[in-house]
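Given next are the chains, with one letter for each unit.
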Amino acid sequence: MLPRVDLLKGAEYRETLARILDLGEQALKTWQVVWSDFLSPPEVAEVQSRLHNLAELQVVAWGGYAQAERQRLALARSEVSLKVEGAEGIPLAAVQIQGNFLFDPATHRDFLGALLGAGIAREKVGDILVLGDTGAQAIVVPELVDYLSLNLTQVRSVPVKVSPIPLNQLKVQPPRVKSITSVEASLRLDAVASAGFGLSRSKMVEEIQRGEVRVNWKPITQASYTVAPQDWIAIRGRGRLQIEEVAETKKGRFRIQMKRYL
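These numbers were taken from a predicted model, which means no experiment stands behind them.

Participant: Mind showing me how you'd approach unusual backbone geometry here?
Facilitator: Where the residue is not glycine, phi is negative for most of them; where a peptide bond is considered, it is trans in most cases. We note that Trp31 has phi near 60°; this positive angle belongs to a residue other than glycine. Locating Trp31 in the fold gives a position in the loop between α2 (14–30) and β1 (34–35). Residue classification places Trp31 among the partly exposed positions, given a relative accessible area of 45%.

Structural data, given as structure tokens:
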């Protein structure tokens, strides 16, 4: 049995973590690989951080492509072979939602709304890639492909046709990235995030105190919080920032190499 009480203590996504623990115990009892529904990035981060020290259980996340935000988890006993990075170990499917959106453009929200309106639960849908005038592609659990082909017929005012496609035909756009180097007196969150996002220090403190800033997907409300290499900083509506390298200068300051995803 997993130490549920300890693992759930103080969890931000307690219900999600409890469901994953149920799956983990199932995997331990049956010696089979089991899979979760799609989780959001902060849910994935919390589950992985809380379960990574469990010697008897392995957990792998995959969303269909390297930069996927929403991902499913595969859980299995440590002794069970679990394929990673590629899809065989985690069942995923992709569909093409094709239509002429030239005169009635649709956004990510429109396509998600149409999927949910067709009776699909949010946790059964992964990332949605909007393709402009021609429609979108969506990653879903495999058992819903036939259902969507029959029941998703319109997005906004546009008739659409839904058909399955291989995952390797996903049209993933490379992320827009900006490299940033800054020299700071400390590794305080407000200082580093201010430099990375191009906001004033006082404005950044306000964002942090309002709970708009997450570090490694966890909300941080203390401006003095210390960040470290490989940390992710995200601000609602402003994108994400990763700290790549930190080096101390001869004067005792910190040269910080960051990458901002626009």
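Here the narrative resumes, following the displayed structure.
Participant: What's the story with the pattern of salt bridges in this structure? I'm lost.
Facilitator: Close approach of charged atoms allows side chains of opposite charge to pair. Tallying each qualifying case throughout the model produces 15 salt bridges. The partner of Asp190 in a salt bridge is Arg188, and the shortest N-O contact between them spans 3.0 Å. As a salt-bridge pair, Glu212 and Arg236 come within 3.8 Å of each other at their nearest N and O atoms. With Glu212 in the loop between α7 (201–209) and β11 (213–215) and Arg236 in the loop between β13 (232–235) and β14 (239–248), this pair connects stretches of sequence that are 24 residues apart. What makes Arg236 exposed here is its relative accessible area of 59%. One continuous salt-bridge network, built from bridges that share partners, spans Lys203, Glu207, Arg210 and Arg238.

Participant: Explain helix α6 (residues 189–197) here, please?
Facilitator: Three or four residues apart is the spacing at which side chains of an α-helix point the same way, because the helix has 3.6 residues per turn. In terms of burial, α6 is a largely internal element, eight of the nine residues being buried. Those residues of α6 that sit buried are Leu189, Asp190, Ala191, Val192, Ala193, Ser194, Gly196 and Phe197. Turning to α6, the residues buried within the fold contact β10 (177–184), α7, β11, β13, β14 and β15 (254–261). Two residues or fewer past α6, Gly198 is found with a positive phi of approximately 70°.

Participant: Help me understand the packing of aromatic side chains in this model?
Facilitator: To describe a pair of aromatic rings, you give the distance between the ring centres and the angle between the ring planes. Enumeration over the complete set of coordinates arrives at two aromatic pairs. On the basis of an interplanar angle of 40° and a centroid distance of 5.3 Å, the ring pair of Trp232 and Tyr261 is categorised as tilted. Of this pair, Trp232 sits in strand β13 while Tyr261 sits in strand β15, and the two are 29 residues apart along the sequence. We classify Trp232 as partly exposed; its relative accessible area is 24%.

Participant: When you look at the packing of α6 against α7 in this model, what are you seeing that I'm missing?
Facilitator: For any two helices packed against each other, the geometry is given by the interaxial angle and the distance between the axes. Remark: α6 packs on α7, axes separated minimally by 9 Å, with the N-to-C direction vectors making an angle of 115°. Regarding the angle of α6 to α7, the classification is roughly perpendicular. Crossing angle aside, the handedness with which α6 passes α7 is right-handed. Along its contact with α6, which presents Leu189, Asp190, Ala191, Ala193, Ser194 and Phe197, the element α7 presents Arg201, Met204, Val205 and Ile208. Per-class residue counts for the contact of α6 with α7 are seven nonpolar, one polar and two charged.

Participant: Just to check I follow, could you spell out the nonpolar core for this structure?
Facilitator: Inside soluble globular proteins, nonpolar side chains tend to come together where they are buried. Counting 40 residues, the largest nonpolar core has Ile97, Phe111, Ile128, Leu152 and Val155 as the members making the most contacts within it. Where this core is concerned, the elements lending two or more residues are β2 (57–62), β3 (72–77), β4 (93–98), α4 (108–117), β5 (125–130), β6 (135–140), α5 (145–151) and β9 (161–165). Those residues in contact with Ile128, other than ones at most four positions away along the chain, are His108, Phe111, Leu112, Leu115, Ala136, Gln137 and Ala138. By size, the runner-up hydrophobic cluster in this structure holds 21 residues, among which are Leu2, Ala11, Leu39 and Leu73.

What counts, and where the lines are drawn
- Residues numbered from 1 in each chain as written.
- Predicted model: local features only at pLDDT ≥ 70, side-chain atom pairs only at ≥ 80, totals over all residues.
- Heavy atoms only, no water.
- Helix = DSSP H or I, 4+ residues; strand = E, 2+ residues; numbered from the N terminus.
- Buried < 20%, exposed > 50% of the residue type's maximum accessible area, 1.4 Å probe, protein only.
- Salt bridge = Lys/Arg side-chain N within 4 Å of Asp/Glu carboxyl O.
- Contact = heavy atoms within 4.5 Å.
- Phe/Tyr/Trp six-rings, centres within 6.5 Å; stacked < 30°, edge-to-face > 60°.
- Axes fitted to C-alpha atoms, helices over the stretch in contact; angles between N-to-C directions.
- Parallel < 35°, antiparallel > 145°, perpendicular 65-115°, else oblique.
- Left-handed = near helix turned anticlockwise from the far one by under 90°.
- Nonpolar A, V, L, I, M, F, W, Y, C, P; charged D, E, K, R; others polar.
- Core = buried A, V, L, I, M, F, W, Y, C linked by side-chain atoms within 4.5 Å.

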